[in-house]
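Structural overview for review
So you can see what is in the structure, the chains are spelled out below.
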Amino acid sequence: MQWDSYAPRKYEGRSYGMKSASFPPFLDLPQRTAATLELALGSETAPRDDLRQRGWLITDPTVVTRDIWSYQNYISSSVAELSVAKHGYVSSHSGWFSERSAAYLASGRPVVTQDTGFSKLLPTGLGVLQFATPDEALEGIEDVRIRYGAHCLAAREIAEEFFDGRKVLAKLLQDINA
């Protein structure tokens, strides 16, 4: 996760920022759950000490993503993904969905992620849980803890239905030729 990669942009009075703009309401989540919450955190500007004091585990993303095998191992050894989206994606309600989240789903791992409008395109509630507020994020975390097996099965099914390259590319080629 990059805390800041570039300065916020403004367009027609609306701000489009980075994780640093969208993360503050979620800072205290680790103090509200028994689940272990970890951030693979890049950026020199990230408030690592504050995050650690609030209960977040901090991992070096360059170690996790050293090669495809370490990345795959990191995802498959995770219980689930929790992701706060970049402020710009939330603000624009663009429908953005992370390729990392798709990798979690393909590994049969549930995804609890901030809604950017993707819930209009993907099924949610089992396997993928979307949130807008810290309370909704906590509800998603706790639901995954309670119904883990069902969430894992649904995660893999969503990956197969919506992210399988054979299906996605075939539809893309069909749409191009239409």
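As shown above, the structure is provided for reference.
We now turn to the structure provided with this report. Predicted model only: the values in this text are computed from it and were never measured.

Next up on the list: the overall build of the protein chain. Helix and strand content of the protein chain: 9 helices and 7 strands. For the protein chain, whose C-alpha radius of gyration is 17 Å, the value lies close to the compact-globule estimate of 16 Å for 178 residues. Here the protein chain holds 178 residues, and 38% of them are scored as buried. Considering only residue pairs separated by 6 or more positions, the protein chain has 60% of its internal contacts joining residues 24 or more positions apart. About 10,100 Å² of surface is accessible on the protein chain, with carbon and sulfur atoms providing 54% of the total.

Take the nonpolar core next. Within the largest apolar cluster, 20 residues are counted, with the highest numbers of intra-cluster contacts made by W3, F23, L29, L39, L41, L51 and W56. Sorting the residues of this core by element identifies β7 (128-131) and α7 (134-146) as the ones contributing at least two each. Here this core gets 4 residues from one element, more than from any other, and that element is α7. When near neighbours in sequence (up to four residues on either side) are disregarded, L39 contacts M1, F23, L51, W56, L57, I58 and T59. In this structure, Y104, L122, V128 and A159 belong to the second largest nonpolar core, which totals 14 residues.

Looking now at the layout of surface pockets. By volume, the largest pocket is sized at about 1,100 Å³. Taken together, 39 residues line the largest pocket, and the ones lying closest to its centre are E38, Y74, E81, L82 and Y104. Counting residues per element, the ones that place at least two in the lining of the largest pocket are β3 (38-40), α3 (61-64), α4 (68-76), β5 (81-83), α6 (99-106) and α7.

Time to look at the side chain of T116. By the element assignment, T116 lies in the loop between β6 (111-114) and β7. Within polar-contact distance, the side chain of T116 engages the backbone oxygen of W96 at 2.4 Å. Dropping the residues within four chain positions of it, T116 is found in contact with A85, Y89, V90, H93, S94, G95 and W96.

Rules used throughout
- Residues numbered from 1 in each chain as written.
- Predicted model: local features only at pLDDT ≥ 70, side-chain atom pairs only at ≥ 80, totals over all residues.
- Heavy atoms only, no water.
- Helix = DSSP H or I, 4+ residues; strand = E, 2+ residues; numbered from the N terminus.
- Rg over C-alpha atoms; globule rule 2.2 N^0.38 Å.
- Buried < 20%, exposed > 50% of the residue type's maximum accessible area, 1.4 Å probe, protein only.
- Contact = heavy atoms within 4.5 Å.
- Areas by Shrake-Rupley, 256 points an atom, 1.4 Å probe, with all protein chains shown as cover.
- Core = buried A, V, L, I, M, F, W, Y, C linked by side-chain atoms within 4.5 Å.
- 1 Å grid on protein atoms, 1.4 Å probe; cavity = no way out; pocket = protein on both sides within 12 Å on 5 of 7 lines; lining within 4 Å.
- Points joined across faces, edges and corners; volume = space filled by probe spheres on them.
- Polar contact = N/O pair within 3.5 Å; in protein donor to acceptor, adjacent residues only side chain to side chain.

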